[in-house]
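# Results of the structural survey
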Amino acid sequence: MRLTIHRGSREIGGSCVELAASTGGRILLDLGMPLVQPDGSDWPRGTATRPTEELLQEGILPDIPGLYGDTNPQVSAVVLSHAHLDHYGLSHHVHPDIPVWGSAGTLAVLWASEVFLPDVKAPTLVREFPSGEQVDIGGFMVTALPVDHAAPDSRALLVEADGQAVLYSGDLRAHGHAGHLFDDLLDNPPTADVLLLEGTVVGQAPGSHGYPREADVEREFTELLGSHSGLVVVVASGQNVDRVVSLYRAAQKTGRELIIDPYQAYVLRALAGLSSGLPQFDWPGIRVKFFHRQVARLKETDQFPLACRMSRAAKVTTEQLVAQPERFVLAARSSIPTVNLLNRLHEPSRTAVVWSLWKGYWSRPNPLRSFCETHGIDPLFIHTGGHASQEDLQRLAAAVAPRAVVPIHTQHAARFDDLFSRVMQVPDGAPVEISEFVASG
Ligand SMILES: [Zn+2]
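Residues numbered from 1 in each chain as written. Predicted model: local features only at pLDDT ≥ 70, side-chain atom pairs only at ≥ 80, totals over all residues. Heavy atoms only, no water.

## Digging into the coordination of the zinc ion
Coordination of the zinc ion by the protein is provided by H82 (NE2), H84 (ND1), H149 (NE2) and D171 (OD), with metal-donor distances spanning 2.2 to 2.3 Å. Here the zinc ion binds four donor atoms, and the angle range of 90 to 167° at the metal identifies the geometry as irregular. Mapping the donors of the zinc ion onto the primary sequence gives the spacing H-x1-H-x64-H-x21-D. Here D171 lies in the loop between β10 (164–168) and α4 (180–187) and H149 lies in the loop between β8 (140–147) and β9 (154–161), a separation of 22 residues in the sequence. Residue D171 is classed as buried on the basis of its relative accessible area of 1%. (Donors = N, O, S within 2.8 Å, 3.2 Å for Na, K, Ca; no water. Tetrahedral: all angles 85-135°; square planar, octahedral: opposite > 155°, others 65-115°. Helix = DSSP H or I, 4+ residues; strand = E, 2+ residues; numbered from the N terminus. Buried < 20%, exposed > 50% of the residue type's maximum accessible area, 1.4 Å probe, protein only.)

Printed below as a string of structure tokens:
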């Protein structure tokens, strides 16, 4: 096989890896949107959905022959590791005849995101991994191994062809509610010549991604919900279902009702088949606060009956929230509608605000931060990251024991040399024959 990292060998996000077999078959692993522009600033809204030709000219789409809508398709498939934009965010640009593969959870999040989030478009032709089986994708035998990550139903991808095997870690960790999947991987490591290993936390200060484990987050939520006398607002990603589970359990233990928005309710419902433990809008202790724009999106996508069902089962009014804020915990986005709602409280300054996202995002201007500054509220940071610690990455590499470890999804690829044995640096855009570095490694 020939390996080309089109993007991602020296940055976190925008991952795109190509494997080519001796038969001429080619597949891609992930086709992500870079997290930030080359100068470090955010992308203007709408960038990912601009015309393919423009994004190619500007280098936002990697220049890959036979991949996009304007050429004869020469790539067998795009295989997605998980539903984070920096891994799938450009996949709708591929030729409509090229299938995009993902797990059931990945595809569910893609479709839910297309309904509610700007800049998200699902690819035209999608295929779901058969559960637990190896699948032949264009002559490559692909096994999608379940891993623990902040995106639901994430996978590491084992790709075999030409008598060689590449294991692409995708994004993964050992410390979420599904951390046992990491242990499973260590107990039954796949045989791989090359391990393409994510290194998000490599070279970063310990603790910069919050608490060590999701269980710590749940414990902190429980303590706060049990001790605070006003409303608690928790800003988190609606797609981080571990976090919703932690929050729901904490609410149940402390006698509060968890208020979610229609977007959150929709995502949970789309993922209900994955786990019986994901709270749903018609469960006891779950309430739904309706926001105009989200209801409008359900109407526009012919799903108004669903909004009506949510309303009948769980609707909470602003008046109910204002009357007894201490009865509730609100899972929210940092948005103007959230702040407008909080400003309806008689004493907004008695609200506990929890930032349950990466702390670095707090430093950017956002509506909840303005709310805190206006009312003299000190935010609480209760979060754990989606990525394995250096020690866990070392344990994984030792268990797989590949002939070569190739850094990806990292800002500190050079640090891999200190952490792992048999590291091979493969810069963006430079094809390498796996047989060559298997021989040298
Ligand atoms: Zn991710």
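## Let's talk about the domain arrangement of the chain
Segmenting the chain into domains produces domain 1 (2–205 + 386–440) and domain 2 (214–381). Each of domain 1 and domain 2 was reduced to a C-alpha centroid, and the two centroids are 31 Å apart. Contacts between the two partners involve 21 residues from domain 1 and, on the opposite side, 22 residues from domain 2. Roughly 1,600 Å² is buried in total at the junction of domain 1 and domain 2, and carbon and sulfur atoms are behind 62% of that figure. Here domain 1 is connected to domain 2 by two salt bridges. For the pair domain 1 and domain 2, the number of links is seven residue pairs in polar contact (both at pLDDT 80 or more). (Domains from an automatic or database assignment. Contact = heavy atoms within 4.5 Å. Buried area = accessible area lost by both parts, 1.4 Å probe. Salt bridge = Lys/Arg side-chain N within 4 Å of Asp/Glu carboxyl O. Polar contact = N/O pair within 3.5 Å; in protein donor to acceptor, adjacent residues only side chain to side chain.)

## Looking at the pairing of strand β3 (residues 26–29)
Here β3 shows two buried faces, one formed by R26 and L28 and the other by I27 and L29. Pairing analysis gives four bridges linking strand β2 (residues 16–20) to β3, with the strands arranged antiparallel. Its bridge partner lying in β3, V17 is registered against L29. The antiparallel pairing of β2 with β3 creates a hairpin that spans five residues between the two strands, and G24 there sits at a positive phi of about 100°. As paired strands, β3 and strand β4 (residues 77–79) are joined by three bridges and run parallel to one another. Within the sheet, the bridge partner assigned to L28 lies in β4 and is V78. Once the chain exits β3 it traverses helix α1 (residues 52–57) before rejoining the sheet at β4, and the crossover so formed is right-handed. (Pairing = 2+ DSSP bridges. Right-handed = clockwise from strand over helix to strand, strands pointing away.)

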